[in-house]
Amino acid sequence: MAFLYLLIVLAPLAGAIGAGFFSARLGRVGAHRMTILGVGISCALSLAVLAGFIWGDLKVFNDSIYTWMIADGIRFEIGFLVDRLTALMMATVTFVSFMVHIYTIGYMADDEHNWPQGSLAGKHSYQRFFSYISLFTFSMLMLVMSNNFIQLFFGWEAVGLVSYLLIGFWATRESAVYANLKAFLVNRVGDFGFILGIAAVGMYFNSMNYSEVFAQAPQFADTQVAILGGVSLMTLICILLFIGAMGKSAQVPLHVWLPDSMEGPTPISALIHAATMVTAGIFMVARMSPLYELSTTALSFVLIIGAVTAFFMGLIGLVQNDIKRVVAYSTLSQLGYMVAALGASAYAAGIFHLMTHAFFKALLFLAAGSVIIAMHHDQDIRNMGGLWKKMPITWLTALVGSLALIAFPGFSGFFSKDAIIEAVGHSQVFGAHFAWILLTVGALVTALYSFRMYYLVFHGKPRMDEHTRSHLHETPWVVTGPLIALAIPSIFIGWFTVEPLLVSNWLGDAIHVAHEHDSLHALAEHWHGQMAFIEHGMHGWPFLLAMSGLGLATLIWWFGVKLMPNLDALLQRAGGPLTRILQDKYGFDDFNQRVFAGGGLGLGRLFWNAGDQVLIDGAVVNGSARSVGRLAGQVRWLQSGLLYHYAMAMIVGLVGLLTLYVVF
Amino acid sequence: MPFETAFLATVLPELILLATACAVLVLDLYLNDEQRGWNHNLAILGLAATLGTVGLLSNNGVTIAFSGSFIRDPFGDLLKGIILILTIFTFVYSRDYMRERGLWVGEYHVLVLFATLGMLIMVSAHSFLTLYLGLELLALCLYPLVAFDRDSKPGAEAAMKYFVLGALGSGMLLYGISMLYGATGSFGFADVAEVVNAEGLENKILVFGLVFVLIGVAFKFGAVPFHMWLPDVYQGAPMPVVLFLASAPKIAAFAMATRILIDSLGALQADWGEILMILAILSIGLGNVVAIAQTNIKRMLAYSTISHVGFIFLGLLAGTQEGYAAAMFYTVVYALMAAGAFGVLAMISINGLEVEQLDDLKGLNDRDAWLAAMLALMMFSMAGVPPAVGFFAKLLVLDAVVSVGLTWLAVVAVVFSIIGAFYYLRVIKLLYFDKAADSTPLRLAGDAKIAITVNGLAVLLLGIFPASLLGICNAAFSG
């Protein structure tokens, strides 16, 4: 089995290396064939592994492949832990990645136009792009398949790096470079917490291996650490690790990079910033459930952060006009739902929503990308409208995605989101009630912004200029194919997977829930099949709010806009200060820019002037460089080239050493 | 001395190499100038056969032959294997250089092969006499090799210096051996060890012997203050000879140091450890500082060698099994890096260009990107930048020193290697950021390119997967 798992991981890497290093030799077709083949192998095998867990009796694999080094008794290893949770993630990641690979052929087909004439960076950009997305798949697989913290950290950093490379893919655009730097720096803040958490694990558990750590964890449940006036060790570790997750999964206040990351090409937004990388944090917390279950404080923290993200980020989505940004804020909000599920100890529901979301969000992004291609890379929804006639496949698939997103009964998102809200309602940790209110009202917000975008893009009067309108047509099959392939699971996957995941505990030992935290218990107890679940859901608040949101959106942005074309702008103006707060994204960006960036700049300038120029450059570096240079010059003179000097040096050395020995 | 036929099986690799050298010597008489390639092919074939035999005879046990003067053990097998591989690399890298200058004659191959034979004997020596035989065979081949370009004045001068200083070094070694003999009544390492264990430093003659022998070792390595020959020899000798001189003999010198210091004088570790500490600090300090002032790349690398020798001594002076393994790891890695770096220099010294000055490397990236990348990799590795293996080598040595409580020594070594990073990185700057005077692409032989790629990948992969080589090194000292 080790060989099989190794193959799953390495096939995309081989593709990435091939397309990256031999781009000129392979050419465009060779590069995309090679990477698609690599990811295809990986995807097929991952699906086979998943099938083995579902229908066969595949054993959990937990073994180390290679020992990198041993330091102070801690083994640094490369190893795989493949259980049902991992298999589910592997299948999701590779499937979405495979779809995105195919879609990219269409999206990047004329990428030369995105670069300035003769730009060196634009050379072989097509191949490079494929190389990056394959490299991303490799990194993500390393992350989810890891059986130890070191490899987890490797994958964690590697996906961060690839994300950085891809957000700034169009490196000649200033906004792209700004965005990728921002993403990198914000993630660095999160990663700092993450590595501190790993260090704490290493310090107390003396091991990096998951199973060893998890086995020891209960012994440390009552350990206190003498920092900040004494906190519980488990709380400290869990919150530190979660800070890492907040960076990667874009939770408030480390969410600021995600909307800006939309500067990257759309396939990347779909792959990395919707379906896979941002879910790394969710996966990590679920994987660490044996640790989180030991700290109610950490769970409460996770729950509140998640709920706040879910509600307030959704609100911002209402005032965005860039099609990709609307989807980006919706991603933030949905990630909040997943995190809230984790905080309520409903790990299975979090993972369930992660999976359904991966499909419908990738679908929405790719549909947005399809619209963008048709609109000649204009992304402003105010310039769209009435696209449904020209782009029927994109239109229908986008409708499917939107319905799944707002949790329309029967669609995949309905099952997962309803389960989360239900679980949070049953949770007993501090702040659960508050979180439940936010998440429930969030359902209304979700419906509003989703259908605002949907109606403005696909219905109403066309608002684009004459030239664009005359060229509007459906995108090629490499674009629409993945749309259809993603639309199918977006509708049905929830129906088929809700029972095993949430009710019959299919994940088994992969996650661990303490009895007193088991918030999915009630759902499992009253389970009478999917139909009953839907019926039950239709009596709940989330459903009522979502439907009223859908109705309201239809009223305003379909009928209303038909009568008054500038209604959207008017509404935004009517919002007054509220709109402004939302458009300012609650001031996070300004705050960061002023306090952290500005403060950092000021501090840097101070150090540069006082420390660097005067002290280091003046005294230390140039001073020591001068003295080293002088010394070197002098010692060099010793090397006179004269034989008897050399012999003399040897004799002096001999006498010196002998004296040292005989005398002392 | 009773002779058994079974002994011959133990020295089979050496016999094959001897036969190859003789065969090349004879064959060369019957070749005209167009057919010199046969020498080359035969030499490489012989080396490969020797390598294969070393591998075949290798096992975990220890065989002692010829009344305790010859030993075959896993430690020796590994070092011999690496010496043979490096010699093959040397032949492959140097072919075009030597052919272009009319130096690609049978004697070159014969001398290198005999030198290699000398090294193998050194590695397998189990008595001072055998060791000295191997050492002299090696040295006597190296002197003419340094002066191989007979018309080159610097070459002749360098060879002269090397010869005189080498004689002095050998004299000291021999003097030390005679004193050890006087104190213990034996040449055999095992017998000497027995007496040393019993008497320790009480015996003053032993102390004198120890110091003299150590100086012999330090001279072979080129540790300060017995390093004076090194820069001049590197500068004067033809590039392929420097390539050979800088790589394989360092491994033989390490074997010699291990056999003498650990196998036979192990009981005196505390004492020779101190001498090595002095030599190590001097070497690391002087090597790194003076290298900065060099404009000649060969001299620069000579000083870099001196500083690396200091690092090898750091591992030895720790006196622990980890320390010895770290030193061995460092030596092997250093030899690989030196072979790669000088290999690139030899490969680009064609079409009338003789790479001497640092400026000759300007813009190599435009002429051959792959070679430039390989040279840059070697420089990164020598400077100790991860993930190249040089980083791990340094880390292991420093770890060994820290774990015996000599943290200050590790700090000194780190500070000097930071200073040293400057001149390695300067090479990279020249390779990539400066414009070449002549940017015509290089045309290189395929086998040399393959060799440099293997060499470079070894440096990179050993850095990512250091456990493989480290495991072997640890095993060599745990037995």
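Residues numbered from 1 in each chain as written. Chains lettered and ligands numbered in written order. Predicted model: local features only at pLDDT ≥ 70, side-chain atom pairs only at ≥ 80, totals over all residues. Heavy atoms only, no water.

The helix and strand inventory of chain B stands at 20 helices and two strands. Its C-alpha atoms give chain B a radius of gyration of 21 Å, within 12% of the compact-globule value 23 Å for 479 residues. Taking the principal axes of its C-alpha atoms as reference, chain B extends roughly 65 × 55 × 40 Å. When burial is assessed residue by residue, chain B has 63% of its 479 residues classed as buried. In chain B, 79% of the contacts between residues at least 6 apart in sequence involve partners at least 24 apart. If you sum the accessible surface of chain B, you get close to 16,400 Å²; carbon and sulfur atoms cover 66% of it. Taking the average location of the 23 positive side-chain charges in chain B and that of its 33 negative ones, the two points are 8 Å from each other. (Helix = DSSP H or I, 4+ residues; strand = E, 2+ residues; numbered from the N terminus. Rg over C-alpha atoms; globule rule 2.2 N^0.38 Å. Buried < 20%, exposed > 50% of the residue type's maximum accessible area, 1.4 Å probe, protein only. Contact = heavy atoms within 4.5 Å. Areas by Shrake-Rupley, 256 points an atom, 1.4 Å probe, with all protein chains shown as cover. Lys, Arg positive; Asp, Glu negative; His and termini not counted. Charge placed at Lys NZ, Arg CZ, Asp CG, Glu CD.)

It is worth spelling out the overall build of chain A at this point. Each helix and strand counted, chain A has 27 helices and four strands in total. Taken against the 2.2 N^0.38 rule, which gives 26 Å for 664 residues, the C-alpha radius of gyration of chain A at 28 Å falls within 12% of a compact globule. Put simply, chain A has 664 residues, and 58% of those count as buried. A sequence separation of at least 24 residues applies to 79% of the contacts in chain A between residues at least 6 apart. On chain A, roughly 26,600 Å² of surface is accessible, and the fraction owed to carbon and sulfur atoms is 68%.

Take the nonpolar core next. Residues A:Met145, A:Met288, A:Leu291, A:Tyr292 and A:Leu502 are the most contacted members of the largest nonpolar core, which totals 214 residues. The dominant element in this core, judged by the number of residues it contributes, is helix α15 (residues 347-374) of chain A, at 20 residues. Apart from the residues lying within four places of it in its own chain, the contact partners of A:Met145 are A:Tyr5, A:Ile8, A:Val9, A:Gly79, A:Phe80, A:Leu81, A:Val82, A:Thr86 and A:Met90. In terms of nonpolar packing, the next biggest core, distinct from the first, is built from 202 residues, B:Ala21, B:Trp104, B:Leu210 and B:Val459 among them. (Core = buried A, V, L, I, M, F, W, Y, C linked by side-chain atoms within 4.5 Å.)

According to the stated counting rule, one finds 26 salt bridges over all chains in the structure shown. Here B:Arg99 ties to B:Asp96 by a salt bridge, and the two come within 3.2 Å at their closest N and O atoms. Taken together, the residues B:Arg99 and B:Asp96, both in helix α4 (residues 74-100) and three residues apart, mark about one turn of the helix. A relative accessible area of 45% means that B:Arg99 is categorised as partly exposed. In this structure, B:Glu356 and B:Lys298 form a salt bridge, with 3.4 Å as the shortest nitrogen-oxygen distance. Residue B:Glu356 is located in the loop between α14 (321-348) and α15 (364-367), and its partner B:Lys298 is located in helix α13 (residues 297-318); the two are separated by 58 residues in the primary sequence. Judged by relative accessible area, B:Lys298 falls into the buried class, the value being 1%. By sharing partners, the salt bridges in this structure join A:Glu157, A:Arg188, A:Asp191 and A:Lys248 into a single network. (Salt bridge = Lys/Arg side-chain N within 4 Å of Asp/Glu carboxyl O.)

This part is about the interface of chain A and chain B. Taken together, the contacts link 25 residues of chain A with 41 residues of chain B. Carbon and sulfur atoms supply 80% of the area buried between chain A and chain B, which totals about 2,900 Å² over both sides. Our count for the chain A to chain B interface comes out at zero salt bridges. At the surface where chain A touches chain B, the tally comes to two residue pairs in polar contact (both at pLDDT 80 or more). Sorting the residues of the side of chain A that touches chain B by element identifies β1 (61-71), α26 (588-638) and α27 (643-663) of chain A as the ones contributing at least two each. (Buried area = accessible area lost by both parts, 1.4 Å probe. Polar contact = N/O pair within 3.5 Å; in protein donor to acceptor, adjacent residues only side chain to side chain.)

So, on to helix α13 (residues 296-317) of chain A. Taking 1.5 Å of rise per residue, the 22 residues of α13(A) would be expected to cover 32 Å, and the 32 Å separating its terminal C-alpha atoms lies within 8% of that figure. A large share of α13(A) lies buried, amounting to 16 of its 22 residues. (Expected span 1.5 Å × (residues − 1).)

In this section: the packing of helix α3 (residues 84-107) of chain A against helix α4 (residues 125-145) of chain A. Residue and element names in this part refer to chain A. Relative to each other, α3 and α4 sit at 175 degrees, their axes nearing to 10 Å. Between α3 and α4, the angle is such that the two are roughly antiparallel. Along its contact with α3, which presents Thr86, Met89, Met90, Val93, Thr94, Ser97, His101, Thr104 and Ile105, the element α4 presents Tyr126, Phe129, Phe130, Ile133, Ser134, Thr137, Met140, Leu141, Val144 and Met145. When the residues that make up the contact of α3 with α4 are grouped by side-chain class, the tally is twelve nonpolar, seven polar and no charged. (Axes fitted to C-alpha atoms, helices over the stretch in contact; angles between N-to-C directions. Parallel < 35°, antiparallel > 145°, perpendicular 65-115°, else oblique. Nonpolar A, V, L, I, M, F, W, Y, C, P; charged D, E, K, R; others polar.)

Further remarks concern a nonpolar patch on the surface. Residue and element names in this part refer to chain A. A surface patch of nonpolar side chains, amounting to about 470 Å² of accessible area, comprises Ile17, Phe21, Phe22, Leu26 and Met34. If you list the elements that add at least two residues to the nonpolar patch, you get α1 (2-21) and α2 (23-54). With respect to the helices, strands and loops of the structure, Ile17 is situated in helix α1. Exposure remark for Ile17: the relative accessible area of 38% places this residue in the partly exposed category. (Patch = residues over 30% accessible without salt bridge, like charges linked within 9 Å, V, L, I, M, F, W, Y side chains within 5 Å.)

Averaged over every residue, the pLDDT of chain A is 86; residues scoring 70 or more account for 98%. Between the elements of chain A, mean pLDDT differs from a low of 75, seen in α26(A), to a high of 92, seen in α4(A). (pLDDT = per-residue confidence, 0-100.)

It is worth spelling out unusual backbone geometry at this point. At the junction of A:Val252 and A:Pro253, the peptide bond is cis and its omega measures out at 0 degrees in the coordinates. In this structure, A:Pro253 sits in the loop between α8 (233-248) and α9 (257-260). Here the amide bond leading from B:Pro386 into B:Pro387 is cis, since omega sits at 5 degrees, within 30 degrees of zero. Among the structural elements, B:Pro387 can be located in the loop between α16 (369-383) and α17 (389-403).

One full turn of an α-helix is made of 3.6 residues, so residues set three or four places apart face in the same direction. All names here are of chain B. For α16, which comprises 15 residues, the first-to-last C-alpha distance of 21 Å matches the rise-based estimate of 21 Å (1.5 Å per residue) to within 8%. The element α16 is largely enclosed, with a buried count of eleven among its 15 residues. Listing the buried residues of α16 in full gives Leu371, Ala372, Met374, Leu375, Ala376, Leu377, Met378, Met379, Ser381, Met382 and Ala383. Check the buried side of α16 and you find it contacts α13, α14, α15, α17, α18 (407-433) and α19 (446-464).

Of note, A:Asp57 is situated in the loop between α2 and β1. For A:Asp57, a relative accessible area of 63% gives the class exposed.

Turning our eyes to something else, we now look at the packing of aromatic side chains. Under the definition given, this model contains 54 aromatic pairs over all chains. For the ring pair A:Phe129 and A:Phe169, a centre distance of 5.1 Å and an interplane angle of 80 degrees mean the geometry is edge-to-face. A residue pair is termed long-range when its members are at least 10 positions apart, and A:Phe129 in helix α4 and A:Phe169 in the loop between α5 (149-167) and α6 (174-205) qualify at 40 residues. Residues A:Phe129 and A:Phe169 agree in their burial class; the two are buried. Considering the side-chain rings of A:Trp527 and A:Phe533, the 5.7 Å spacing of their centres and the 45 degrees angle between planes classify their relative orientation as tilted. Taking the relative accessible area as the measure of exposure, A:Trp527 reaches 13% and is therefore buried. Counting every residue linked through ring pairs, the aromatic cluster contains A:Phe451, A:Tyr454, A:Tyr455, A:Phe458, A:Trp558 and A:Phe559. Note that B:Arg101 overlies the ring of B:Tyr97, its terminal NZ or CZ placed 3.6 Å from the centroid. Lying across the ring of B:Phe311, B:Lys394 places its NZ or CZ 4.9 Å from the centre. (Phe/Tyr/Trp six-rings, centres within 6.5 Å; stacked < 30°, edge-to-face > 60°. Lys NZ or Arg CZ within 6 Å of the ring centre and 35° of its normal.)

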